[in-house]
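Structural characterization, general
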Amino acid sequence: WMNQTLNFFSEKELEKLKSLSYFEFFTFLAILFFKDNTCNLEVYEAGLGGRLDATKLVNPDIVVLTKIALDHTVILGDTEEKILIEKLEIVGTNTKTIFTFQQEKNLMGLTKLFCKEKNIELILFPRFVDKDYLSFNQDFSLFVINSILLKQKRQTLNESILSIIPPIKGRMQVLQTNPLILFDIGHNPSAVHFLLQSINIRYPEEKKWKVFFGCQKDKDAKQILETLINNELVETVYQISSENWNQESLPNSKIEKISEERFSELLKNVKVTSLILGSFKLYSLVNAIGQ
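These remarks concern the structure in this document.

Conventions used here
- Residues numbered from 1 in each chain as written.
- Predicted model: local features only at pLDDT ≥ 70, side-chain atom pairs only at ≥ 80, totals over all residues.
- Heavy atoms only, no water.
- Phe/Tyr/Trp six-rings, centres within 6.5 Å; stacked < 30°, edge-to-face > 60°.
- Helix = DSSP H or I, 4+ residues; strand = E, 2+ residues; numbered from the N terminus.
- Buried < 20%, exposed > 50% of the residue type's maximum accessible area, 1.4 Å probe, protein only.
- Lys NZ or Arg CZ within 6 Å of the ring centre and 35° of its normal.
- Contact = heavy atoms within 4.5 Å.
- Polar contact = N/O pair within 3.5 Å; in protein donor to acceptor, adjacent residues only side chain to side chain.
- Pairing = 2+ DSSP bridges.
- Axes fitted to C-alpha atoms, helices over the stretch in contact; angles between N-to-C directions.

**Re the packing of aromatic side chains**
The tally for this structure, following the rule as stated, stands at 17 aromatic pairs. Between the aromatic rings of phenylalanine 101 and phenylalanine 140, the centroid separation amounts to 5.1 Å while the plane-to-plane angle is 80 degrees, which identifies the pairing as edge-to-face. Within this pair, whereas phenylalanine 101 is found in strand β2 (residues 97-101), its partner phenylalanine 140 is found in helix α7 (residues 133-151), the two being separated by 39 residues in sequence. Comparing phenylalanine 101 with phenylalanine 140, the two get one shared label, buried. One aromatic cluster is present, built from ring pairs that chain together Phe99, Phe101, Phe125, Phe136, Phe140 and Phe143. Between the NZ or CZ atom of lysine 281 and the centre of the ring of tryptophan 245, over which it lies, the distance is 4.8 Å.

Printed below as a string of structure tokens:
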């Protein structure tokens, strides 16, 4: 399909596509795919923020705002308030509704004010603190879908629909059960904080975890490490440290810096409950498990 679609463009137009980033190019292809297939519903996930994000071009009817956290601070801003405003600017002239859940008071105030000024309906989902983040996200997604269906006077979906959704790769993904090894791409302090809460809720019998951690150079490695070492679940943190990874660290007895080679060796002989954390890039290294 992609080759056939691109054949309709002139050589001059194709030359312009070379200036697009990976994400911009695939957003462009997604727009064409939805158009060619005459889809009644189009769903896009913003890549970075909102104001300058490629997906802003679709001029969404509905925006779903998820957890605001300090991430991509060089581009989006160094406070949660600045990041929130950047993300809210994904809205366009077609946007009629924003779905979100209760967040910090200052962030909710900004969101309500933004919606009032733009004459956008704000629909809040109650936040349950006794659920792991995957279960919460599923419930929130179902709430959004059913709210849309109700507005269209269509039949809503039963909660049982959630049971047929396959596990999401990179989100509390179970790589091995005995011993238990989880993989999660959480790569900012807030995400790691909620991940640790979530594994405590989902696996209450597991009291001590060894953590293998590696993040990209634009992430806040020190703050993530601070979150890890101050959590009673975390026994040891093996931090992957090489030129391909963020090497910023903290002087702490819980932290041991290791190479990629050492990481692979340790994984082959894991005999305790473990969590692999920090980046999708780790996928290429976790193949050692089970081999």
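**Section: the environment of serine 279**
Along the polypeptide, serine 279 turns up in the segment after β9 (274-277). Overall, the relative accessible area of 3% leaves serine 279 in the buried class. Sequence separation of serine 279 and glutamine 138 is 141 residues, and the distance between their C-alpha atoms is 22 Å. Those residues in contact with serine 279 that lie beyond four places of it in its chain are Phe183, Ile185, Gly214, Gln216 and Trp245. At 3.0 Å, the side chain of serine 279 and the backbone nitrogen of lysine 281 are in polar contact.

**Some remarks on the sheet that holds strand β1 (residues 62-64)**
Read across the sheet, three strands follow the order β1-β2-β3 without closing on themselves; strand pairing throughout is parallel. Two strands lie at the open edges of the sheet, namely β1 and β3 (121-125), each paired on one side alone. Averaged over all pairs of adjacent strands, the angle between their axes in this sheet comes to 20 degrees, without regard to strand direction. Pairing of β2 with β3, which is carried by five bridges, proceeds in the parallel orientation. Directly across from threonine 100, in β3, lies its bridge partner leucine 124. Across the sheet, helix α6 (residues 105-118) lies against β2 and β3, angled at about 150 degrees from β3, the strand it touches most.

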